[in-house]
Structures are given as C-alpha cells and as structure tokens.
Amino acid sequence: MNSISAHDVVVVGGGAAGLSAAVALARSLRSVVVVDAGEPRNAPAGGAHNLLGREGIPPLELLAAGRREAEQYGAQIMRDRAVTARAEGDGFTVGLAGGGALRARRLLLASGLVDELPDVPGVAELWGRNVLHCPYCHGWEVRGQRIGVLGAGPMSIHQTLLFRQLSEDVTFFPHRMPDPGAEAWEQLAARGVRVVEGPVRRLRTEEDALRAVVLDDGQEVPVDAVVVAPRFAARAELYEHLGGTLTEHPVGALIATGPMGSTEIPGVWAAGNAGDLSAMVSAAAGEGVGAAAAINADLVAEDAAAAVTGHGQPAKTSVRKDICGRSSTTSKVSHSVLSRPWRSVAVTSAVCTPGSRSTGSSSCQRWVVLWATW
C-alpha cells in the first residue's frame, strides 16, 4: 500500500485518549482516522479502575468497545504504526510502517508512554500483576497483603506511605537509592514500615507467582506484591520529528501541553499519558475529548476565515463579548493570529473590568478562545 489518504484529523494512538477524541471528532462530522499499533500500556493489568460505570473492566475489552463506538460514528481505525511525521503546506503527512501515508489538517498525539522498569530480574515478568506502581490503579487489589517497595529516589518515600494506607505490612527496600534524609526515615518509622537495607538481586517466583524479594547477600523477605517507581517516557518520536522538544519531569519526560492539549507546534495537540504522565484511564479519556473539542473549534475557525475570504469580506480583527457570562461584566478581547493553539483565529488576551471574578488567568483565556472561535 503506497497511497495517501486525506483527513481532517489523524489521531496517533488507540488508547482511552485517542479513541475518546475520535468519538468526539466523528460526532462533529470530522473525517478522523486513528492509527493504533495495538500496544496499550495497561494490557497486562487485570482491570481498569476508577472508571465510573465500567469499574474493573479488562483494559482490552474497554478498548474494543471504544473502537466500536468510534466506528459507529464514522471514525476509521487503522492497525498500523505511525513512524514518521512532517509538516507540509497547511497540514501534516504521517508515514505508516505498513506503507503509505496519511494527510491531515490537524494531528493529535495520544501515543501514551513507556514504563522504563528497574533492572531487577523478575520485575518485568510480573509487571501489571504482582509488580505495580500506582496505589489508585492497583492498591485495592493488594490491600492487607505483604507489600514491598523498591526504592528508586525521593518519590519512593511518598509511594511507600501511600501503600502503607492500604496495608500494615509494608517493607521498604532502599536498594541503591540515595539516602532520603532523616525526616523520611522518621516518617517510615512512625508508620511502622520495616526497612531492609542492601541491594536487591531479584524477585523470586514460584508457579508464576511472586514469593519473595532476594537481596545480594542471599536474604529473602517474603512478599505478596512489590511496588516500583518506573521512569515514564512519553512515546513522542513523531513530536520530535516535527521539531518538538520533550520536557523533562522528575519522573520522566513528556510533551508539554497548554489548555486542552495544545503544544508548541501549530496544529499539533497531545492527550493522555503523552502529555500527562499521571493520567489514569478516566483522566486520559477526558483529555482526549477536550483536545478533540479544541481541534474541531480550530478547524471551524479556519473554515470560517476561508469562507469570509472567498466571499470577498475582510476578516474582523476584534471581538467584544461578555466572556465571563455575568451581566455586570464587560470584557475586551484582542483577536489575532497566534502560533498556538488556534492557527487561524486566536485570542491573545482577555482583560475583565473590576468586580469580575475573572482575572485574566489561563482558565479565563480558555473560555475567551472558545467564545471567539465558536
């Protein structure tokens, strides 16, 4: 296949964020295609949690339902891998591993992240089952059990205290992490957390189940679950192809985003774990919908500007609107072309008169943008 097909939006990534965006875009009658490599981060997990109405649903079952919902509104799902991206003219071309390419007016990166796990034998093999990292995603399932926490850095103390909320039998293994300081040790002692010093050699399993943490000196500490702190690395190769730069974070690297997923690259949005390393399934889905709304509004503005130009009318350069929605408030809006997130029609500032609760903050400006473009 070497053909090129054109769409309003190409969504890279078929997880909760990407599929939710596809549904919202398709419901706005946008031509949208989701490129999905079929490698969901949470595939090893038994269930997705904190998801209202679908609590505990197996992740792959949730995504299958999401694909059906997107397709019923006309979205296209492609099982392929997006390997290249470049800006061309007024849009983007995305190259596919299977051959061919996709053209899009806008691009949404919902490609997720990769968990870079500690290099301890047994961790990768048990990841998502007996080895976990998030107390909100998997903590209930190990409540009251013997939990070991493998130290990695300062956040490991916080992580240990979170899991201490779920079990009275928590053991902290500093492993090779730097000394966290006297205050951290005092907190662990006060909460009754056992500390076992020394490098960890491996996790011992029996019949494919975790049995113990084994230290370099041969000592074994029985545990039912081990908590680790991966480094979270956004899948952002396409973003970098387009000239974007990742933002370093204490726990990894991500695509920095503004309101509703806008990025530093005009016409490119990010949603889910690619831009929010801590987003759980429900949050990622919400971010996908928000990005979709922003993208649709951006396309509406571009289409309107093009229609005005074609109709022979000069485009208006200012807008006045009661942005804050209060009868006592009058707002002035400056209206010009910006690089992000609104390429054709964008709001650069909002100044509200005294007495309004709006302060000109990003939340106020976001509503200004929506009013101005819609």
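Computed from a prediction, not measured in an experiment: that's the story for all the values here.

Turning our attention to helix α2 (residues 59-72). Helix length check: α2 (14 residues) gives 20 Å between terminal C-alpha atoms against 20 Å at 1.5 Å per residue, within 8%. Here the buried face of α2 lies against α1 (16-27), β2 (32-36), β3 (76-79) and α8 (281-310). Residue Gly-74 follows α2 closely and has a positive phi angle near 105°.

Attention shifts here to the sheet that holds strand β9 (residues 147-150). Here five strands make up an open sheet; going across it, the order is β8-β15-β9-β10-β11 and the pairing parallel. The sheet is open, and its two edges are formed by β8 (131-132) and β11 (194-195), each paired on a single side. Where β9 lies against strand β15 (residues 225-227), three bridges are found, and the strand directions are parallel. In the sheet register, Ile-147 faces β15, and the bridge partner there is Ala-225. Strands β8, β9, β10 (170-173) and β15 of the sheet are contacted by helix α5 (residues 155-164), whose axis makes an angle of about 170° with β10.

What follows concerns the nonpolar core. Ranked by internal contacts, the top residues of the largest apolar core, which has 34 residues, are Val-9, Val-11, Leu-25, Val-32, Leu-108 and Ile-295. Listed by contribution, the elements that provide at least two residues to this core are β1 (4-12), α1, β2, α2 and α8. The residues touching Ile-295, leaving out its near neighbours within four places in the chain, are Val-9, Leu-25, Arg-106, Leu-108 and Trp-269. Among the nonpolar cores identified, the runner-up in size contains 24 residues, and Ala-85, Phe-92, Leu-109 and Ile-255 belong to it.

Two strands pair when backbone bridges link them, and strand β4 (residues 82-88) and strand β5 (residues 91-96) are joined in this way by six bridges, in the antiparallel orientation. Residue Ala-87 lies in a different strand from β5, and its bridge partner there is Phe-92. Connecting β4 to the next strand, β5, in antiparallel fashion are two residues, including Gly-89 with a positive phi near 60°.

If you walk through the whole model with that rule in mind, you get 21 salt bridges. For Arg-106, the salt bridge goes to Glu-302, with nearest N and O atoms at 2.9 Å. Highlighted residues: Arg-106 in strand β6 (residues 101-109) and Glu-302 in helix α8, separated in sequence by 196 residues. With respect to class, Arg-106 is no different from Glu-302; both count as buried. Three or more residues are tied together by salt bridges with common partners; here these are Asp-8, Arg-30, Arg-105, Arg-106, Asp-298, Glu-302 and Asp-303.

Okay, the sheet that holds strand β16 (residues 231-234) next. Strand order in the open sheet formed by four strands is β7-β16-β18-β17, and the pairing between neighbours is mixed. Of all the strands in the sheet, just β7 (113-116) and β17 (247-249) have a single pairing partner and so form its edges. For this sheet the average axis-to-axis angle between neighbouring strands, irrespective of direction, equals 25°. Taken together, the three bridges between β17 and strand β18 (residues 252-254) define a ladder with antiparallel strand orientation. Following the sheet pairing, Thr-247 is matched in β18 by Leu-254.

Glancing now at unusual backbone geometry. Most peptide bonds are trans, and most residues other than glycine sit at a negative phi. In this model, Asn-50 sits at a positive phi of 60°, which is unusual for a non-glycine residue. Positive phi values are uncommon outside glycine, yet Asp-208 reaches one of about 65°.

A separate point is the confidence of the model for the protein. Model confidence for the protein is summarised by a mean pLDDT of 85, while 82% of its residues fall at 70 or above. Across residues 317-374 the pLDDT falls below 50, and counting only partners more than four positions away or on other chains, this stretch makes 97 contacts in the model.

Let us now look at the pairing of strand β13 (residues 209-215). Successive side chains on a regular strand alternate, one facing one side of the sheet and the next facing the other. Of all seven residues in β13, five are buried; the element is thus mostly enclosed. Between strand β12 (residues 200-206) and β13, which pair antiparallel one after the other, the connecting turn spans two residues, and Glu-207 there sits at a positive phi close to 55°. The pairing of β13 with strand β14 (residues 220-222) spans three bridges and is antiparallel. If you follow Ala-212 over to β14, its bridge partner there is Pro-222. Connecting β13 to the next strand, β14, in antiparallel fashion are four residues, including Gly-218 with a positive phi near 95°.

Here the focus is the packing of aromatic side chains. Counted by the stated rule, this structure contains one aromatic pair. The ring centre of Trp-140 lies 3.8 Å from the NZ or CZ of Arg-143, which sits over that ring.

A complete count under the given rule lists zero disulfides for this structure. Between Cys-134, a cysteine without a disulfide, and Cys-137, which holds the nearest cysteine sulfur, the sulfur-to-sulfur distance is 3.1 Å.

Thresholds applied
- Residues numbered from 1 in each chain as written.
- Predicted model: local features only at pLDDT ≥ 70, side-chain atom pairs only at ≥ 80, totals over all residues.
- Heavy atoms only, no water.
- Helix = DSSP H or I, 4+ residues; strand = E, 2+ residues; numbered from the N terminus.
- Expected span 1.5 Å × (residues − 1).
- Contact = heavy atoms within 4.5 Å.
- Pairing = 2+ DSSP bridges.
- Axes fitted to C-alpha atoms, helices over the stretch in contact; angles between N-to-C directions.
- Core = buried A, V, L, I, M, F, W, Y, C linked by side-chain atoms within 4.5 Å.
- Buried < 20%, exposed > 50% of the residue type's maximum accessible area, 1.4 Å probe, protein only.
- Salt bridge = Lys/Arg side-chain N within 4 Å of Asp/Glu carboxyl O.
- pLDDT = per-residue confidence, 0-100.
- Phe/Tyr/Trp six-rings, centres within 6.5 Å; stacked < 30°, edge-to-face > 60°.
- Lys NZ or Arg CZ within 6 Å of the ring centre and 35° of its normal.
- Disulfide = S-S within 2.5 Å.

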